[in-house]
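# Chain and residue survey
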Amino acid sequence: MMWLNRHRHNINILLPPTKGLVQKLLAVTMSSTSLKEMRNGGEDYSNGHGGGVRDLYGEDCATEDQLITPWTFSVASGCSLLRDPRYNKGLAFTEGERDAHYLRGLLPPAVFNQELQEKRLMHNLRQYEVPLHRYMAMMDLQERNERLFYKLLIDNVEELLPVVYTPTVGEACQKYGSIFRRPQGLYISLKEKGKILEVLKNWPEKSIQVIVVTDGERILGLGDLGCQGMGIPVGKLSLYTALGGVRPSSCLPITIDVGTNNEKLLNDEFYIGLKQKRAAGQEYAELLEEFMRAVKQNYGEKVLVQFEDFANHNAFDLLEKYSSSHLVFNDDIQGTASVVLAGLLASLKLVGGTLADHTFLFLGAGEAGTGIAELIALEISKQTKAPVEKTRKKIWLVDSKGLIVSSRLESLQHFKKPWAHEHEPVKTLLDAVKAIKPTVLIGSSGAGKTFTKEVVETMASLNEKPLILALSNPTSQSECTAEEAYTWSKGKAIFASGSPFDPVEYEGKVFVPGQANNAYIFPGFGLGLIISGAIRVRDEMLLAASEALAAQVSQENYDKGLIYPPFSNIRKISAHIAAKVATKAYDLGLASHLPRPKDLVKYAESCMYSPGYRSYR
Ligand SMILES: O=C([O-])CC(=O)C(=O)O
Ligand SMILES: [Mg+2]
C-alpha cells in the first residue's frame, strides 16, 4: 500500500492516492488553522486527540511542522533506524524489513516476534534482585525500543508499576546523578531565564499534549531532590502512555531547576543540577510565569500542564494562579483527592451508610490532605445539598502542631484555614483519634511510621470496620504497613496505601491491600481532557473521575475487601474515567473538540496508543 523511494540512510515513503487518503493529504496542505478545524471536526486522519497526523505506520507521529510536503514522510534506515527508539524493533525486524531498510548484517540472524521479546525481557528483569537495577533496565529499554517498553509495561502492569513508579522511582531520584546516562525530558533552569521559549523549541516533538513538570522541591515523601526530581515527570508520563494511552511523542517531562536546599546534594560532586540555594519569591514567580507563557505560546491553549511534587507553599499558589488562564492540574492536590474519594465511595459498599455519615481525620494538612478533604466536602455537599462550609465540619486535620482548631486560625497557612473548627487544642494524633472518633483515618503527611499500634488499635476499638489509608510514598514513608494495619486492628481494617504492599495473611485469612495512588486517575483524567479538547480543569471533573473509578470496582473485588479495582484492568478503567471527564468538559462548555462523540468510552478507547509493532513494508 505504499511506495518507497530509498536513499542510503533515509526512506521517503509516498502515500498511496486512495480516495480517503487523498482527502487526508489535501488536508495537510491546508493552513494550520483549517487543519485544526478539520481535526476538531473528527476527520478520519486526525488522531482524535488534537494533535498529529497519522503516518504510514498507522501511528500519529508526524506533526504539522514535520510535514514539509504532504506526499512524503521520511524515516531512518540502517543503523539510524536501530538507534531510533521510536521505530526500532530490534530482533523483531522481519526478513523483508531487514532487506528493505538496510539492516542486513546489523542484526543477528534470529527473528523474534514481540511476544518472544517480551518473554526474554521479563525473564531478564526477574533476574535482578535490586529494584533499582530493574528500573535502570526498564529505562534502557525505553531509550532503545519504545514500543517494546510500553508493551511490556501494559502487559505486566502490576509487576512493573512498582519498578518504573513508586516505590523504586523514589530511589532512582535519590540516586539520579549517579545512574544518569542519557538525558530524559527537558531541563529548564535559572540559566535559561529569558530563553524558555527557545528551550521548548529544542525539544524534538512539536505537538505536545501533556507536560508533567516538577521543581523537585518535594519528591514523593523524600523531600527536596532538586534537579534529580526528573525521574518523577518521566515516570508519570510513561504511565500517561501505558495506563491512559496518550502517545509517547505527545508527552513532555520537564524539570524546573531553581536550585536546591538539600545540603547533601549541594555538596555532592556528581549532583546534576544548579549548585545554589533555591530561588524564591519574585525570582521564582518570574521564572514560572515565563515558563507558563512560553508553554501556551508554543503549544496552544489545550496543552495540559500537570504540576507534580512542588512544595506546598508553591503548589497551591501555582494552581490558583494558572487555573483560570491555562489547562492545569495538580496531581498531588487534585489527582490524589480524586483517587481517595473514589476509594471512599467504593468503601461504602463494605461499611454501609453514606459519605455524610462518616467522620474523617487526616494526619498531614498539605497538598494531599487538604486536597482530599476539600473534594470529600464537595461530594457530600453535592449529595446532601448542604453548603460546603457545613460539610467541611465532619473533616478534621492534624498537622505537625496538632489538631487544626479555631484557636490556631491566625497562624495557619491559608490552605489550612477552612479546616480550623471549634475544638480545644489537641497535641498528638492518638489524642485526636480519641477526641474526634473518626471512622476514616487518612495519612498524607509524608512521614512514615506515624500510624502507631495505639493509633490503629484505637481506630479498631471505635469502629467495626475502620478505614485506614496510609498514602505517603514511597514505601519507607508509609504511615504504617499493610501487615501492621491488619494485625493491629485484628483483621478489622479496610486498608489501602499510596505505594503497593503484598497481600497479608492474618489468622488464616488473606487480606489484599488496595493501592490508593493517583496513578488510577491522572492518565484517564488527562485522556478525557485531551479527547474533548478541554481548555480548563474544574472540580466537577474530579468528582466525575472519582465516581467513574468507584464504579469500576466489581463485586469480586468487594468480596476480597478491595476498594480499588486491580491495575491489570487499568486501560479499560482509564477509558471510563476519560469518558466521564470529557462528558463534564462538554457539559460545562469547556470542550473545544466538536461535535461531541456519541459513545465517549468507545471513542476514548479508539484514541489510545497501542504499542504493537507496525509493519514497515
Ligand atoms: O507518585 C506517586 O506515587 C504519588 C504521588 O504523586 C506522590 O506521592 O507525590
Ligand atoms: Mg506526586
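Residues numbered from 1 in each chain as written. Chains lettered and ligands numbered in written order. Predicted model: local features only at pLDDT ≥ 70, side-chain atom pairs only at ≥ 80, totals over all residues. Heavy atoms only, no water.

The next point concerns the nonpolar core. Core analysis: the largest hydrophobic core is formed by 121 residues, its most contacted members being Tyr135, Ile376 and Phe525. Contacts of phenylalanine 525, omitting those with residues within four sequence positions, involve Phe329, Val537, Met541, Leu542, Ala545, Ile577 and Val581. In this structure, Trp203, Ile254, Ala279 and Phe310 belong to the second largest nonpolar core, which totals 36 residues. (Core = buried A, V, L, I, M, F, W, Y, C linked by side-chain atoms within 4.5 Å. Buried < 20%, exposed > 50% of the residue type's maximum accessible area, 1.4 Å probe, protein only. Contact = heavy atoms within 4.5 Å.)

Let's shift gears to the UniProt feature "domain: Malic enzyme N-terminal" (unreviewed entry) in the chain. The feature "domain: Malic enzyme N-terminal" (unreviewed entry), as annotated in UniProt, sits at residues 142-323 in this numbering. Helix makes up 47% of residues 142-323 and strand 11%, with an end-to-end C-alpha separation of 33 Å. (UniProt positions renumbered as here; feature names shortened; annotations may be inferred. Helix = DSSP H or I, 4+ residues; strand = E, 2+ residues; numbered from the N terminus.)

Around the magnesium ion (ligand 2), the protein contributes the donor atoms Glu308 (OE), Asp309 (OD) and Asp332 (OD), at 2.0 to 2.1 Å from the metal centre. Ordering the donors of the magnesium ion (ligand 2) by residue number gives the pattern E-D-x22-D. Linking glutamate 308 in the loop between strand 7 (304-307) and helix 15 (312-322) with aspartate 332 in helix 16 (residues 331-351), this pair joins segments that are 24 residues apart in sequence. Like aspartate 332, glutamate 308 is buried. (Donors = N, O, S within 2.8 Å, 3.2 Å for Na, K, Ca; no water.)

Attention now goes to unusual backbone geometry. Of all residues except glycine, most have a negative phi; of all peptide bonds, most are trans. A cis amide bond links threonine 166 to the next residue, proline 167, at an omega of 10 degrees. Along the chain, the position of proline 167 falls in the loop between helix 8 (157-164) and helix 9 (168-174). Of note, the bond from leucine 594 into proline 595 is cis; its omega dihedral lies within 30 degrees of zero at -5 degrees. Locating proline 595 in the fold gives a position in the loop between helix 25 (570-587) and helix 26 (600-607). Look at lysine 490: it is not a glycine, yet its phi comes out positive at around 55 degrees. As for its placement among the helices and strands, lysine 490 is situated in the loop between helix 21 (482-488) and strand 14 (494-497). A relative accessible area of 60% places lysine 490 in the exposed class.

With that out of the way, let us pick up the side chain of glutamate 379. Note that glutamate 379 resides in helix 17 (residues 367-384). In this structure glutamate 379 touches Leu341, Leu345, Leu355, Leu543 and Glu547, once residues within four positions along its chain are discounted.

Here the focus is the site of ligand 1. Looking at ligand 1, the residues that line it are Tyr165, Thr166, Arg218, Leu220, Lys236, Glu308, Asp309, Asp331, Asp332, Asn473, Asn517 and Asn518. Between arginine 218 and ligand 1, the recorded distance is 2.7 Å, taken from a side-chain N or O atom to an oxygen atom. Look at ligand 1: alone it shows 260 Å² of surface, and the protein chains cover 93% of it. Broken down by class, the residue content of the shell around ligand 1 amounts to two nonpolar, four polar and six charged. (Near = heavy atom within 4 Å. Polar contact = N/O pair within 3.5 Å; in protein donor to acceptor, adjacent residues only side chain to side chain. Areas by Shrake-Rupley, 256 points an atom, 1.4 Å probe, with all protein chains shown as cover. Nonpolar A, V, L, I, M, F, W, Y, C, P; charged D, E, K, R; others polar.)

Turning next to the sheet that holds strand 11 (residues 402-403). Spatially, the seven strands line up as an open sheet ordered 11-10-9-12-13-14-17, and their pairing is mixed. Whereas interior strands pair on both sides, the edge strands pair on one side only; in this sheet they are strand 11 and strand 17 (514-515). The sheet contact formed by strand 9 (residues 360-363) and strand 10 (residues 395-399) spans four bridges and is parallel. Opposite leucine 363, over in strand 10, you have valine 398 as the bridge partner. The strands touched by helix 16 are strand 9, strand 12 (440-443), strand 13 (467-470) and strand 14; relative to strand 13, the strand with the most contacts, the crossing angle is about 155 degrees. (Pairing = 2+ DSSP bridges. Axes fitted to C-alpha atoms, helices over the stretch in contact; angles between N-to-C directions.)

Overall, parallel pairing links the five strands, which are arranged 4-6-5-7-8 in an open sheet. Two strands in the sheet have a free side with no partner beyond their single neighbour: strand 4 (186-189) and strand 8 (327-330). Across the sheet, the mean angle separating the axes of adjacent strands is 25 degrees when strand polarity is ignored. Pairing analysis gives five bridges linking strand 5 (residues 210-214) to strand 6 (residues 251-257), with the strands arranged parallel. Of the residues in strand 6, the one forming a bridge with isoleucine 211 is leucine 252. Here helix 15 sits on the sheet in contact with strand 7 and strand 8, set at roughly 155 degrees to strand 8.

With that settled, the discussion passes to the environment of tyrosine 322. Within the secondary structure, tyrosine 322 is located in helix 15. Under the relative-accessibility criterion, tyrosine 322 is labelled buried at 3%. Taking C-alpha positions, tyrosine 322 is 29 Å from lysine 275, a pair spaced 47 residues apart along the chain. When sequence neighbours within four positions are dropped, the list of residues in contact with tyrosine 322 reads Leu288, Glu289, Met292, Phe307 and Val328.

Looking at where aspartate 399 falls in the secondary structure, it is placed in strand 10. For aspartate 399, a relative accessible area of 10% puts it in the buried group. A polar contact is formed between the side chain of aspartate 399 and the side chain of arginine 408, at a distance of 2.7 Å. Here the side chain of aspartate 399 touches lysine 416 through a polar contact of 3.0 Å, side chain to side chain. Ignoring any residue separated from it by four or fewer positions in sequence, one finds aspartate 399 in contact with Ala365, Ile404, Arg408, Leu412 and Lys416.

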